[in-house]
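What the coordinates show
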Amino acid sequence: MPLSTGQAHLGRLSQIDDELKRGEDISIVFLVDSLIGHAHALRASDIHIDPTAQEVKVRMRIDGVLQDLYTFPKSVHQEIISRIKVLSGLRTDEHFAAQDGRVRHTLPSGENVDIRVSIVPTYHGENSVMRLLTDTAENYTLDTFGFSRIDQEKILQAIKRPNGMILSTGPTGSGKTTTLYTILKMLNKPDVSIVTIEDPIEYAVEGVKQIQVNAKTSLTFANGLRSILRQDPNVIMVGEIRDSETAHIAVNTALTGHLLLSTLHTNDAATTLPRLLDMGVDAYLVASTIAIAMGQRLVRRICPQCRVSHQLSAQEAELLQRLSIQKPFTENETLWRGKGCEACHWSGYRGRLAILEVIAADDDIRAAILRKAPSSELKAIAVQNGMTTMLEDGIAKARAGETTVEEVLRVVHE
């Protein structure tokens, strides 16, 4: 009979604790393998190995939140780092330079996990962060990712175009790349040539030509994009528009008959358009090429195993009425939360979903771009023309019992 998630979690804790008690006979190979296995069982996205003056702290990012899991003796720190370096093909004799690597790790169950490794020197020794990459994008559709019917229609209209720009925006870890891969999956057909340039390549996609940025060979986003144009593509994905040069080439690429997908680091969808202007792209080019701009965040999903309803008190309703939303909260309104159980490790949350906003470049938006309107005006025009903001989308999902108001406010910062 297979173990439950909670039982597997406790089993891993016991194995690691038992190994640490062995003192000098400790198996570093077993310890590192157990950490990776435990992280996978907890659905963690990252493992942080942080040295301090006296000990080593191990933390894992679970559903977007970093949690303390273990404290190891300082004596095993360098051996753990060396084992991680060996696994990912990094130099074990280099201790004062940052190193990046990658490894495919096989779990006892036979399942493979791709891991991206980053090691940097710190004051108390080398710090390691291992990102566990899963094929989650393969399982997503626009619907399961969290897009509303109206927003899905905007995206479907945009990807039918032979050219233009589709931009996904948000901070690091907000699911931008997963959104673009979900759209690429929809576009990936035998009669369509798709080329991507990424840093790093997070998901391998059958039928798509994927290029890895390599600074050592001067293969930057900008240089790679120039080369891609000679590969006869229909659709191009640029991992991130980081600088003015890449922005200019991307816009001109979209203008000359290519559908271009990319990401930008901005706070919301409306800020994306002035950001391109700040990078020196002419307003008429932005107005001519932009198809849609998507802003997004990831919020934790209420655990379905322990979800319970509760009614807002008068005091809670009064506090929530300060939010700038169309339908204010009322006393005794029913909301949902997780009370905590074995399945969610007593957090009340299990998994994540996206809260989103999508601006379609209609005539009003293009006119505002041409006169270089600020993001606040662009957002107001988009809302007037039917855009649902991230806050409104998050509140709607909280009212539907998918997440909590507290979680939405945590990531939207209203």
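Here's what I pulled together on the structure shown here. (Residues numbered from 1 in each chain as written. Predicted model: local features only at pLDDT ≥ 70, side-chain atom pairs only at ≥ 80, totals over all residues. Heavy atoms only, no water.)

The next point concerns the overall build of the protein chain. Secondary structure assignment for the protein chain yields 16 helices and 15 strands. Computed over its C-alpha atoms, the radius of gyration of the protein chain comes to 23 Å, within 12% of the 22 Å expected for a compact globule of 414 residues. When its C-alpha atoms are laid out on the principal axes, the protein chain stretches across 70 × 60 × 45 Å. The buried share among the 414 residues of the protein chain stands at 48%. Carbon together with sulfur atoms contributes 49% to the accessible area of the protein chain, which is approximately 19600 Å² in total. (Helix = DSSP H or I, 4+ residues; strand = E, 2+ residues; numbered from the N terminus. Rg over C-alpha atoms; globule rule 2.2 N^0.38 Å. Buried < 20%, exposed > 50% of the residue type's maximum accessible area, 1.4 Å probe, protein only. Areas by Shrake-Rupley, 256 points an atom, 1.4 Å probe, with all protein chains shown as cover.)

The next subject is the sheet that holds strand β7 (residues 164–169). Read across the open sheet, the seven strands follow the order β9-β8-β10-β11-β7-β12-β15; overall the sheet is mixed. With partners counted over all chains shown, the strands left at the sheet margins are β9 (209–212) and β15 (349–360), one partner each. Pairwise comparison of adjacent strand axes, ignoring direction, gives a mean angle of 20° for this sheet. Across the sheet, helix α16 (residues 405–412) touches β12 (290–302) and β15, and the angle it forms with β12 is around 135°. (Pairing = 2+ DSSP bridges. Axes fitted to C-alpha atoms, helices over the stretch in contact; angles between N-to-C directions. Contact = heavy atoms within 4.5 Å.)

The next point concerns the pairing of strand β6 (residues 125–133). Sheet analysis places strand β1 (residues 44–51) next to β6, joined by four bridges and oriented antiparallel. Counterpart to Asp46 in the pairing with β6 is Arg131. In this sheet, β6 lies alongside strand β5 (residues 112–122) in antiparallel orientation, the contact comprising nine bridges. Note that in β6 the partner of Pro121 across the bridge is Glu126. Remark: two residues form the turn of the hairpin made by β5 and β6, two consecutive strands paired antiparallel.

It is worth spelling out helix α3 (residues 77–87) at this point. Along α3, the positions that sit buried rather than exposed are His77, Ile80, Ile81, Ile84 and Lys85. Buried residues of α3, viewed axially, fall in a sector of 140°; they line one side. A positive phi of about 70° marks Gly89, the residue just after α3. (Arc of directions from axis to C-beta.)

On to the pairing of strand β11 (residues 259–264), then. Along a regular strand, successive side chains alternate from one face of the sheet to the other. In terms of burial, β11 is a largely internal element, six of the six residues being buried. Of the two faces of β11, the one holding Leu259, Leu261 and Thr263 and the one holding Leu260, Ser262 and Leu264 are both buried throughout. Note that strand β10 (residues 235–238) and β11 share four bridges and pair parallel. Considered in β11, the bridge of Ile236 is made with Leu260.

Two elements in contact, helix α15 (residues 390–399) and α16, have axes whose closest approach is 9 Å; the angle formed by their N-to-C orientations is 160°. With respect to α16, the element α15 is oriented roughly antiparallel. Relative to α16, the crossing made by α15 is right-handed. For the pair α15 and α16, the contacting residues are Leu391, Gly394, Ile395 and Ala398 in the first and Val405, Val408, Leu409 and Val412 in the second. Residues of the contact of α15 with α16, tallied by class, amount to seven nonpolar, one polar and no charged. (Parallel < 35°, antiparallel > 145°, perpendicular 65-115°, else oblique. Left-handed = near helix turned anticlockwise from the far one by under 90°. Nonpolar A, V, L, I, M, F, W, Y, C, P; charged D, E, K, R; others polar.)

Moving on to the pattern of salt bridges. One pass over the structure, following the stated rule, counts 16 salt bridges. The salt bridge involving Asp50 is made with Arg59; its shortest N-O contact spans 2.8 Å. The buried category is assigned to Asp50, whose relative accessible area is 12%. Between Arg91 and Asp93 there is a salt bridge, and its shortest N-O distance comes to 3.1 Å. A single salt-bridge network, built from bridges that share partners, covers Asp199, Glu240 and Arg242. (Salt bridge = Lys/Arg side-chain N within 4 Å of Asp/Glu carboxyl O.)

So, on to the packing of helix α13 (residues 363–370) against helix α14 (residues 375–384). Contact geometry for α13 and α14: axes closest at 10 Å, N-to-C directions at 170°. Classed by the angle they form, the pair α13 and α14 counts as roughly antiparallel. Counting all contacts with α13, which are made through Asp364, Ile365, Ala368 and Ile369, the residues of α14 involved are Leu378, Ile381 and Ala382. For the contact of α13 with α14, the residue count by class is six nonpolar, no polar and one charged.

Turning our attention to the sheet that holds β6. Across the sheet, six strands lie side by side as β3-β2-β1-β6-β5-β4; this open sheet has antiparallel pairing. Each edge of the open sheet is held by one strand with a lone partner, namely β3 (65–73) and β4 (99–106). Sheet twist, expressed as the mean angle between neighbouring strand axes with direction ignored, is 20°. Contacts from helix α2 (residues 28–41) reach β1, β2 (55–62), β3, β4, β5 and β6, with the element oriented near 160° to β3.

On to the environment of Arg322. Structurally, Arg322 is set in the loop between α12 (314–320) and β14 (334–338). Given a relative accessible area of 68%, Arg322 falls into the exposed group. Considering only alpha carbons, one finds Arg322 and Gln78, 244 residues apart in sequence, at a separation of 51 Å.

Attention shifts here to the environment of Phe72. With respect to the element layout, Phe72 can be found in strand β3. A sequence separation of 39 residues divides Phe72 from Asp33, and the C-alpha atoms of the two residues are 15 Å apart.

Before going further, it helps to examine unusual backbone geometry. Glycine aside, residues mostly have negative phi angles, and peptide bonds mostly take the trans form. Residue Pro200 is bonded to the preceding Asp199 through a cis peptide linkage, with omega at -5°. Within the secondary structure, Pro200 sits in the loop between β8 (194–198) and β9. The backbone phi angle of Arg43 is positive, close to 60°, even though this residue is not glycine. Mapped onto the fold, Arg43 is located in the loop between α2 and β1. The phi dihedral of Ser218 falls on the positive side, at around 60°, and the residue is not glycine. With relative accessibility at 48%, the residue Ser218 sits in the partly exposed group.

By themselves, these figures tell us nothing about what the structure is for.
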